Amino acid sequence: CILPRVLLIANVNDSKKLTAKVRKRLFESLTTNPSIVYAIGLIEPQEIDRLNIYQATIQAMWKAVDQLSTYPDYLLVDGMRLSHPLLPCQKIIKGDQLSQSIAAASIIAKETRDRLMCYYHEQWPQYGFNQHKGYGTAQHLEALERHGPCLIHRHSFDPIKTRWPKEPLHQKLELIDTPEF
């Protein structure tokens, strides 16, 4: 997410510290402002299983950078080292609390994920994705026990890798087919 240097948006902070209502309002403000440039990199669950979560996160970041309509001069990354072949990068611990740009990116990422989980809820309502957004809550774990994993569950993540090891997926999920948010 690239913000103009002179733009200061009230309440932009670590997405985890915001209420869902504030995060949604900020997402709308950030994504509709023509002076803000952003892009989102999505990685399929099967690719996360293949790579591991850390490497998949790096791939998602590279995808997002490559999709930006304006190429940045410098990358600020929240809490992890990222190397890019063309751009200098800086890891910032607690970056979403120190950089408005990182905080804005975290809001866009969290709200996009939440909306994606609500979309998946329409396909698999038995899991309650619209409520827990895919996190390992008691409700989600109970649904997994009752129904087993579906296409969006990562098989490299406990409890799935322990309870359903190497269970084959019968079809591949294509995130490309998801709606624009």
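Note that the structure is a prediction, hence the values are computed from the model and not measured. Along each chain, the written sequence defines residue order, and numbers are assigned to residues from 1. Local features in this predicted model are restricted to residues of pLDDT 70 or higher, and side-chain atom pairs are both shown and tallied only at a pLDDT of 80 or more, whereas totals for entire chains, interfaces and linings draw on every residue. Side-chain measures were taken over the full set of non-hydrogen atoms in the model, leaving aside hydrogen atoms and water.

**Here's the deal with the overall build of the protein**
Turning to step 1, where the next piece is worked out: In this text, helices come from DSSP runs of H or I with a minimum length of four residues, and strands from runs of E with a minimum of two, each type numbered from the N-terminal end. Counting its secondary structure elements, the protein contains eight helices and two strands.
Turning to step 2, where the next piece is worked out: In the protein, the succession of helices and strands from N to C terminus is α-α-α-β-β-α-α-α-α-α.
Turning to step 3, where the next piece is worked out: Here the protein has a C-alpha radius of gyration of 17 Å; the compact-globule value for 181 residues is 16 Å, and the two agree.
Turning to step 4, where the next piece is worked out: Counting only C-alpha atoms, the protein reaches 50 × 35 × 30 Å along its principal axes.
Turning to step 5, where the next piece is worked out: When checking whether two residues touch, look at their non-hydrogen atoms; a contact exists if any pair is within 4.5 Å. Intrachain contacts of the protein at a sequence separation of at least 6 include 49% that bridge at least 24 residues.
Turning to step 6, where the next piece is worked out: Shrake-Rupley sampling with a 1.4 Å probe provides the accessible areas, and residues are treated as covered by the protein chains on show and by no other component. In the structure as shown, the protein presents an accessible area of about 10900 Å², 54% of it carried by carbon and sulfur atoms.
Turning to step 7, where the next piece is worked out: The distance from the centre of the 22 positive side-chain charges to the centre of the 19 negative ones in the protein is 6 Å. Only the C-alpha atoms count toward the radius of gyration. The rule for a globule is 2.2 Å times the residue count to the power 0.38. Positive residues here are Lys and Arg, negative ones are Asp and Glu, while His and the chain termini are left out of the count. In plain terms, the charge of a residue is placed at NZ if it is Lys, CZ if Arg, CG if Asp and CD if Glu.

**Focus: the packing of aromatic side chains**
Turning to step 1, where the next piece is worked out: For Phe, Tyr and Trp, rings pair up if their centres lie within 6.5 Å, where Trp contributes its six-membered ring, and each pair is then called stacked (planes under 30 degrees apart), edge-to-face (over 60) or tilted (otherwise). In the structure shown here, the tally under the stated rule is three aromatic pairs.
Turning to step 2, where the next piece is worked out: Geometrically, the ring pair formed by Tyr 119 and Tyr 120 is tilted, given 5.7 Å between the ring centres and 50° between the ring planes.
Turning to step 3, where the next piece is worked out: Only protein chains enter the accessibility calculation, which uses a 1.4 Å probe. A residue is then buried if its area is under 20% of the maximum for its type, exposed if over 50%, and partly exposed in between. Note on Tyr 119: relative accessible area 23%, which makes it partly exposed.
Turning to step 4, where the next piece is worked out: With a centroid separation of 5.3 Å and 15° between ring planes, the pair formed by Tyr 127 and Phe 129 is classed as stacked. Summarising the burial analysis for this pair, Tyr 127 and Phe 129 share the class buried.
Turning to step 5, where the next piece is worked out: An aromatic cluster is present here, built from Tyr 119, Tyr 120 and Trp 124 joined pairwise through their rings.
Turning to step 6, where the next piece is worked out: Here the guanidinium or amino end of Arg 113 rests over the ring plane of Tyr 135, the centre of that ring lying 4.5 Å away.
Turning to step 7, where the next piece is worked out: By the criterion adopted, a ring carries a charge over it if an Arg CZ or a Lys NZ lies within 6 Å of its centre and within 35 degrees of its normal. Cation over ring: Arg 154 sits above Phe 157, and NZ or CZ is 4.9 Å from the ring centre.

**Describing the pattern of salt bridges**
Pairing between side chains becomes possible if they bear opposite charge and their charged atoms approach one another.
Turning to step 1, where the next piece is worked out: Between Lys or Arg on one side and Asp or Glu on the other, a salt bridge is scored when a side-chain nitrogen of the former is within 4 Å of a carboxyl oxygen of the latter. Within the structure shown, the criterion is met by eight salt bridges.
Turning to step 2, where the next piece is worked out: The residue Asp 14 makes a salt bridge to Lys 16 at a minimum N-O spacing of 3.0 Å.
Turning to step 3, where the next piece is worked out: Using a relative accessible area of 4% as the deciding quantity, one classes Asp 14 as buried.
Turning to step 4, where the next piece is worked out: For Lys 16, a relative accessible area of 63% translates into the label exposed.
Turning to step 5, where the next piece is worked out: A salt bridge links Asp 114 to Lys 110, with the shortest nitrogen-to-oxygen separation between them at 2.9 Å. Pair noted here: Asp 114 and Lys 110 are both in helix H5 (residues 100-123), with a separation of four residues, about one helical turn. Across the pair, exposure class does not vary: Asp 114 and Lys 110 are buried alike.
Turning to step 6, where the next piece is worked out: One network of salt bridges, in which partners are shared, links Asp 14, Lys 16 and Asp 96.

**Some remarks on helix H1 (residues 20-32)**
Turning to step 1, where the next piece is worked out: How far a helix is expected to stretch is found by multiplying one less than its residue total by 1.5 Å. Here H1 is 13 residues long and its end C-alpha atoms lie 18 Å apart, about the 18 Å a rise of 1.5 Å per residue gives.
Turning to step 2, where the next piece is worked out: Buried residues belonging to H1 abut H5.

**Regarding the pairing of strand S1 (residues 75-78)**
Turning to step 1, where the next piece is worked out: The two faces of S1 differ: Leu 75 and Val 77 on one face are buried, but Leu 76 and Asp 78 on the other face are not.
Turning to step 2, where the next piece is worked out: Note on pairing: two strands pair once DSSP finds at least 2 bridges between them. Bridging between S1 and strand S2 (residues 89-92) involves four bridges; their strand directions are parallel. Looking across to S2, one finds that Val 77 is bridged to Lys 91.

**A word on the nonpolar core**
Turning to step 1, where the next piece is worked out: Tyr 120, Trp 124, Tyr 127, Phe 129, Cys 150 and Ile 152 are the most contacted members of the largest nonpolar core, which has 13 residues in total.
Turning to step 2, where the next piece is worked out: Considering each element in turn, this core owes the most residues, three residues, to H5.
Turning to step 3, where the next piece is worked out: Beyond its immediate chain neighbours, meaning those up to four positions away, Phe 129 contacts Met 117, Tyr 120, His 121, Trp 124, Gly 134, His 140, Cys 150, Ile 152 and His 153.
Turning to step 4, where the next piece is worked out: What we call a nonpolar core is a set of buried Ala, Val, Leu, Ile, Met, Phe, Trp, Tyr and Cys residues that are connected through their side-chain atoms within 4.5 Å. Among the nonpolar cores identified, the runner-up in size contains 12 residues, and Val 12, Leu 26, Ile 36 and Ala 104 belong to it.

Note that every value here comes from positions in space, so none of it alone points to a role or purpose.
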